[in-house]
Amino acid sequence: MLKARPKIAVLISGRGSNLQAIIDAVQNKQIPADISLVLSNNPTAYGLERAKLANIPTEVLVKDKATTREHYSQALQEILSRYEPDLVVLAGFMQVLSQQFVHAFQGKLINIHPSLLPAYKGLNTHERVIAAKERFSGVTVHYVTSEVDEGPIIAQSQLEVLPEDTPETLEARIHALEHTLYPEVIAKLVMNNPRLLSKE
Ligand code: GRF
């Protein structure tokens, strides 16, 4: 019996270069799935333009200061449920999600972080890696749990930090790694995970 094509939702906050890598990988059939939604918490995120250019539905859900993490996550879950994603991909989404949300999407909610986790959780990773004179850095794709940048690691890719690296040059090379690793991981999850292929 033919299986339905899995659906992916991508959550972004900014320029969306990882989103673009995922769009490209769907278009060139590396990822056998459809992107059913791109959602941003930032109405001016350039990634929204990338989605529109690729004819992908977009939604914007802004969190104002008065809204709790729990209420924001509940509203997000309601929007997502309309698009029935099999996999929810965080790609530079700068909003921490509630425990209830993370539980609801357990096993199908993934994130990419620009360090070799568990080292250098949080922001400004490249500055901190260079200040600590690390010889290696890299990227990590992991399942999301309620702790930021925690959760079971799915895949990592590493590179050498060069003596002449600045945060900017390191970031550029890390981004290039991300653009290869994230589509590869998503393709594998879509192809290998029975939960993601269970829709007959
Ligand atoms: C990436 O470096 C990712 O690891 C981090 O946020 C950044 C998003 O970049 N979580 P972009 O918006 O995909 O260009």
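Structural data are supplied above this passage.
Residues numbered from 1 in each chain as written. Predicted model: local features only at pLDDT ≥ 70, side-chain atom pairs only at ≥ 80, totals over all residues. Heavy atoms only, no water.

Caption draft 1: Looking closely at the packing of aromatic side chains. Within this structure, the stated rule accounts for one aromatic pair. Ring geometry for phenylalanine 101 and phenylalanine 105: centres 4.7 Å apart, planes at 35°, overall tilted. Of the residues examined, phenylalanine 101 reaches a relative accessible area of 0% and is grouped as buried. Exposure remark for phenylalanine 105: the relative accessible area of 8% places this residue in the buried category. (Phe/Tyr/Trp six-rings, centres within 6.5 Å; stacked < 30°, edge-to-face > 60°. Buried < 20%, exposed > 50% of the residue type's maximum accessible area, 1.4 Å probe, protein only.)

Caption draft 2: Just the sheet that holds strand S3 (residues 58-60), in detail. Reading across from one edge, S3-S2-S1-S4-S5-S6-S7 is the order of the seven strands in this open sheet, with mixed pairing throughout. Of all strands in the sheet, those bounded by a partner on one side alone are S3 and strand S7 (153-160). Across the sheet, the axes of successive neighbouring strands diverge by a mean angle of 20°, strand direction being ignored. Of the pairings in the sheet, the one linking strand S4 (residues 87-90) to strand S5 (residues 109-113) comprises three bridges and is parallel in character. Counted as the bridge partner of valine 89 is isoleucine 110 from S5. Against the sheet, helix H3 (residues 69-83) touches strand S1 (7-12), strand S2 (34-40), S3 and S4, its axis set at about 160° to S2. Packed onto the sheet, helix H6 (residues 167-192) meets S1, S4, S5, strand S6 (136-143) and S7 and runs at close to 150° relative to S7. (Pairing = 2+ DSSP bridges. Helix = DSSP H or I, 4+ residues; strand = E, 2+ residues; numbered from the N terminus. Axes fitted to C-alpha atoms, helices over the stretch in contact; angles between N-to-C directions. Contact = heavy atoms within 4.5 Å.)

Caption draft 3: Structural context of unusual backbone geometry. Cis geometry is adopted by the peptide bond preceding proline 118, which originates at leucine 117 and carries an omega value of 10°. In this structure, proline 118 sits in the loop between S5 and helix H5 (125-131). At glutamate 84, a position not held by glycine, the phi torsion is positive, near 45°. Inspection of the secondary structure assignment puts glutamate 84 in the loop between H3 and S4. Of the residues examined, glutamate 84 reaches a relative accessible area of 45% and is grouped as partly exposed.

Caption draft 4: Representation of the packing of helix H1 (residues 17-27) against H6 within the structure. Between H1 and H6, whose axes approach to 9 Å, the crossing angle comes to 45°. The orientation of H1 relative to H6 falls into the category oblique. Between H1 and H6 lies a crossing whose hand is right-handed. Facing H1, whose interface residues are Ser17, Asn18, Ala21, Ile22 and Ala25, H6 presents His175, Glu178, His179, Tyr182, Pro183 and Ile186. (Parallel < 35°, antiparallel > 145°, perpendicular 65-115°, else oblique. Left-handed = near helix turned anticlockwise from the far one by under 90°.)

Caption draft 5: Quick look at the nonpolar core. Of all hydrophobic cores here, the largest spans 38 residues; its most connected members are Ile8, Val10, Ile31, Val89, Tyr182 and Ile186. A total of 10 residues in this core trace back to one element, the largest contributor, which is H6. Leaving out residues up to four positions away in the same chain, valine 89 has contacts with Ile8, Ala9, Val10, Leu11, Ile22, Ile110, Tyr182 and Ile186. Listed in part, the 19 residues of the second largest apolar core include Leu61, Ile79, Val88 and Phe105. (Core = buried A, V, L, I, M, F, W, Y, C linked by side-chain atoms within 4.5 Å.)

Caption draft 6: Seen up close, the environment of isoleucine 31. In this fold, isoleucine 31 is placed in the loop between H1 and S2. Along the backbone, isoleucine 31 and tyrosine 143 are 112 residues apart, and their C-alpha atoms lie at a distance of 18 Å. If near-sequence neighbours (up to four positions away) are discounted, isoleucine 31 is found in contact with Arg5, Ile8, Ile22, Ala25, Val26, Pro183, Ile186, Ala187 and Val190.

Caption draft 7: Spotlight on H1. Within H1, eight of the 11 residues are buried, which leaves it mostly tucked inside the rest of the structure. Looking at H1, one finds that the buried residues are Ser17, Asn18, Leu19, Ala21, Ile22, Ile23, Ala25 and Val26. Elements that come into contact with the buried residues of H1 comprise S1, S2, helix H2 (46-53), S4, S5 and H6. Where H1 ends, the next residue or the one after it, lysine 29, has phi of about 70°, a positive value.

Caption draft 8: Local environment of the pattern of salt bridges. Enumeration according to the criterion identifies six salt bridges in this entry. In this structure, the salt-bridge partner of arginine 173 is aspartate 165, at a minimum N-O distance of 2.8 Å. Look at arginine 173 and you get partly exposed, because its relative accessible area is 27%. Of the residues examined, aspartate 165 reaches a relative accessible area of 9% and is grouped as buried. (Salt bridge = Lys/Arg side-chain N within 4 Å of Asp/Glu carboxyl O.)

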